[in-house]
Amino acid sequence: MRWRSADFLRAPDLGPVEITTDPLKIGRTVSSVAVRLHQEGRLMLHSTITAGVLPSDAPRLDDGSALAAEPDPDALDPASAEGGARGLAAACELRYPRGALPFLRGETGPPEMAGWARPRGEEPDALFALLSGDILPPSVFNLGGAFGWAPTVQLTALLRARPAPGWLRVESRSRAVSSGQFDEDVTVVDARGRTVCQARQLALAPLAR
C-alpha cells in the first residue's frame, strides 16, 4: 500500500525544478518520506509519501465499478476530435461513455464523471494507476458555468494494488461545491474489478478562459 498527500502551493513554470527528500520513518512495514519541490528558491509543492508493500491477496471487500471492463465500441474518444490528440489524450488512451459528458452538449447534470484509461502501447502500472486518480475532467463541469483551469489545492491518493493488464475504469464525484471550492472523490478499478487507486482532492472552482 502506498499513500501520498500533496499540497500544491504554487503553479510552477515550465523549466528546471529542484526536488528534495527527507526520510521521516524507515520501518519494516511502512516508511514515510517528506518531498518538497522548489523552483527558483520558492516552494511549489510539499508532499508526504507513505510506502509499503502492495498487497497481492484478494481483498475482503471491494465495491468495484459499475462500468464494464472495456469501453463500448461507440464510446467517446477525445483523440478523434478535430485537431487530433492533445494533452493527456496524446500520452494515453481515454474513452467516455456516450452521454456521460453533458457539458459538451451545453447541458447540465450531476457533478460526476466516468471513463476508461490506459497508456498507449503498454499496460498500466502502479504509477499510471496513481495518475488515473486525477485524469478525468473536473466533475463540476457538468454543473455548468466556466470550463477553464480548476487548480488543485490538496490531493491525497492511496495506491491499493498493482493494476492488471487492460483498461482502468475511473469514476469521480463532487459532493460539496461552495465558496469557489469543490471536493472530488475518485475510484480507479482495473480489468479484474479490483480497486487499485482511491483519490480525494480539494480544488478551486474552474477559472474561466
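Structure: see above.
Undergrad: I tried to follow the overall build of the protein chain on my own but got confused; where do I start?
TA: Scanning the protein chain from N- to C-terminus turns up two helices and eleven strands. Taken over the C-alpha trace, the protein chain has a radius of gyration of 18 Å; the compact-globule value for 209 residues is 17 Å, and the two agree within 12%. Viewed in the frame of its principal axes, the protein chain has a C-alpha envelope of about 50 × 40 × 35 Å. Taken across its 209 residues, the protein chain has 41% of its residues classed as buried. Look at the contacts in the protein chain between residues 6 or more apart in sequence, and 65% of them connect residues 24 or more apart. With the model as given, the accessible surface of the protein chain reaches about 12,000 Å², and the carbon-plus-sulfur share is 53%. Of the charged side chains in the protein chain, 23 are positive and 25 negative, and the gap between their average positions amounts to 5 Å.

Undergrad: Help me out: how do you make sense of the pattern of salt bridges in this one?
TA: When charged atoms on two side chains of opposite charge get close, those side chains can pair. Inspection of the entire model under this criterion finds nine salt bridges. Between Arg200 and Asp185 there is a salt bridge, with the nearest N and O atoms lying 2.6 Å from each other. Pair noted here: Arg200 is in strand 11 (residues 195–204) and Asp185 is in strand 10 (residues 181–189), with a separation of 15 residues, a long-range link. We classify Arg200 as partly exposed; its relative accessible area is 44%. A residue is classified by how much of its surface remains accessible, and Asp185, at 22% relative accessible area, is partly exposed.

Undergrad: For this particular structure, what's the right way to read the side chain of Asn142?
TA: Note on placement: Asn142 falls in the loop between helix 2 (126–132) and strand 7 (152–159). Accessibility expressed as a relative area gives 1% for Asn142, which makes it buried. Beyond its immediate stretch of four places on either side in the chain, Asn142 contacts Ala100, Leu101, Pro102, Phe103, Glu107, Thr108, Gly109, Pro110, Glu112 and Met113.

Undergrad: When you look at the state of the cysteines in this model, what are you seeing that I'm missing?
TA: Such a bond, covalent and formed between the sulfur atoms of two cysteines, is termed a disulfide. Per the stated rule, a full pass over the model turns up zero disulfides. For the unlinked cysteine Cys92, the closest cysteine sulfur is that of Cys197, found at 14 Å.

Undergrad: Teacher, can you tell me more about a nonpolar patch on the surface here?
TA: A cluster of nonpolar side chains, namely Val153, Leu202 and Leu204, defines an oily patch on the protein surface of about 180 Å² accessible area. Relative to the helices and strands, Val153 is located in strand 7.

Undergrad: I tried to follow unusual backbone geometry on my own but got confused; where do I start?
TA: It is generally the case that most residues other than glycine have a negative phi and that most peptide bonds are trans. At Glu40, a position not held by glycine, the phi torsion is positive, near 50 degrees. Looking at the secondary structure, you find Glu40 in the loop between strand 3 (31–39) and strand 4 (42–51). In the Ramachandran plot, Ser179 falls in the positive-phi region, its phi being about 55 degrees despite a non-glycine side chain. Within the secondary structure, Ser179 sits in the loop between strand 9 (177–178) and strand 10. The exposure class assigned to Ser179 is exposed, which follows from its relative accessible area of 73%.

Scoring rules and cut-offs
- Residues numbered from 1 in each chain as written.
- Predicted model: local features only at pLDDT ≥ 70, side-chain atom pairs only at ≥ 80, totals over all residues.
- Heavy atoms only, no water.
- Helix = DSSP H or I, 4+ residues; strand = E, 2+ residues; numbered from the N terminus.
- Rg over C-alpha atoms; globule rule 2.2 N^0.38 Å.
- Buried < 20%, exposed > 50% of the residue type's maximum accessible area, 1.4 Å probe, protein only.
- Contact = heavy atoms within 4.5 Å.
- Areas by Shrake-Rupley, 256 points an atom, 1.4 Å probe, with all protein chains shown as cover.
- Lys, Arg positive; Asp, Glu negative; His and termini not counted.
- Charge placed at Lys NZ, Arg CZ, Asp CG, Glu CD.
- Salt bridge = Lys/Arg side-chain N within 4 Å of Asp/Glu carboxyl O.
- Disulfide = S-S within 2.5 Å.
- Patch = residues over 30% accessible without salt bridge, like charges linked within 9 Å, V, L, I, M, F, W, Y side chains within 5 Å.

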